[in-house]
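Letter by letter, the chains look like this.
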Amino acid sequence: MFNRKIVKSAVLLLAGLVLAGNVAAKEMKIAFVDVQAVAAQIPQSAAMQETIKNEFAKRIEAVGKLEKDINFNIEKLRRDGPTMSEKQQEELKTALTNQRQQYEQLARPLDEEIRNRQAEERNKVLALIKAAIDVVAEREKFDMVLNSGAAVYAKPEYDISEAVVAQASKAK
């Protein structure tokens, strides 16, 4: 009899806790966004690419011309080397060595500068996307927005990527 009262009390207490937990729990509204797809679709990304291309165009062209000259001289040495005098071969090899050194002096710093500049611009674009996500999430009253890579599974109707693209495209 005593055990039966304890069991009844425990069951009632447990049922009360479950019901109270359900009443107190708030339903969360969650969405996800594919940040990489958004970055690829917004016009600011294309503008960033164009800006960087224009900013470094002359230097890229100079490095490209030097690369062509090096390849030409390598091919010339390979093709005409057997018929050239030793002096001509040495002069061509010296010219190639100088061109390769010049190429290294130009190409590596240029590559580093381009990567740094792309990182700067990418950070600006990501900040713009983050601001657009915040606006969309606030407007549609989402409690949480995840990056699409963080969700193992999500229904397509919870994808707000298109809304974020539209919002980010409005920004300057």
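Counting restarts for each chain, with residues numbered from 1 along the sequence as it is written. Where local features are concerned, this predicted model is filtered to residues with pLDDT of at least 70; where side-chain atom pairs are given and counted, the filter is 80 or more; whole-chain, interface and lining totals use all residues. The basis for every side-chain value is the complete set of non-hydrogen atoms in the structure, without hydrogens or water.

Right, let's get into helix α4 (residues 86-139). The end-to-end C-alpha distance of α4 is 77 Å, a good match for the 80 Å that 54 residues give at a rise of 1.5 Å each. Secondary structure elements follow DSSP: runs of H or I of four or more residues count as helices, runs of E of two or more count as strands, with numbering from the N terminus. Immediately downstream of α4, the backbone of Lys141 shows phi near 60°, a positive value. The span expected for a helix works out to 1.5 Å for each residue beyond the first.

Right, let's talk about helix α5 (residues 161-170) for a bit. When α5 is considered as a whole, its buried residues turn out to be Ser161, Val164, Val165, Gln167 and Ala168. In this analysis, two residues are considered to be in contact whenever any of their non-hydrogen atoms come within 4.5 Å of each other. Of the surrounding elements, those touching the buried residues of α5 are β1 (30-33), α2 (35-41), α3 (43-80) and α4. For every residue, the accessible area (1.4 Å probe, protein chains only) is compared with the maximum for its type, and the residue is labelled buried under 20%, exposed over 50%, or partly exposed between those bounds.

Before going further, it helps to examine the nonpolar core. The set of buried Ala, Val, Leu, Ile, Met, Phe, Trp, Tyr and Cys residues whose side-chain atoms join them within 4.5 Å is what this entry labels a nonpolar core. Val33, Val38, Ile42, Ile129, Ile133, Ile160 and Val164 are the most contacted members of the largest nonpolar core, which totals 18 residues. If one sorts the elements of this core by residue count, α4 sits on top with seven residues. The residues touching Ile42, leaving out its near neighbours within four places in the chain, are Val125, Leu128, Ile129, Val165, Ala168 and Ser169. Counting seven residues, the second-largest nonpolar core is a separate cluster that includes Met48, Val63, Ala107 and Leu110.

A few words on the environment of Ala166. When you line up the elements, Ala166 lands in helix α5. Relative accessible area serves as the criterion here: at 39%, Ala166 is assigned to the partly exposed category. Taking C-alpha positions, Ala166 is 9.6 Å from Gln41, a pair spaced 125 residues apart along the chain.

All right, on to the pattern of salt bridges then. The salt bridge criterion pairs a side-chain nitrogen of Lys or Arg with a carboxyl oxygen of Asp or Glu, the two atoms within 4 Å. In this structure the tally under the stated criterion is 12 salt bridges. Residues Asp80 and Arg79 are paired through a salt bridge, measuring 3.3 Å at the closest nitrogen-oxygen approach. In this structure Asp80 comes out as partly exposed when scored by relative accessible area, which is 24%. Accessibility expressed as a relative area gives 46% for Arg79, which makes it partly exposed. Taking the shortest distance from any N to any O, the salt bridge between Arg115 and Asp111 comes out at 2.4 Å. A residue pair is termed a helical-turn pair when its members lie 3 or 4 positions apart in one helix, as Arg115 and Asp111 do in helix α4 at four residues. In this structure Asp111 comes out as partly exposed when scored by relative accessible area, which is 40%. Connected through salt bridges with shared partners, the residues Glu55, Arg117, Glu120, Glu121 and Lys124 form a single ionic network.

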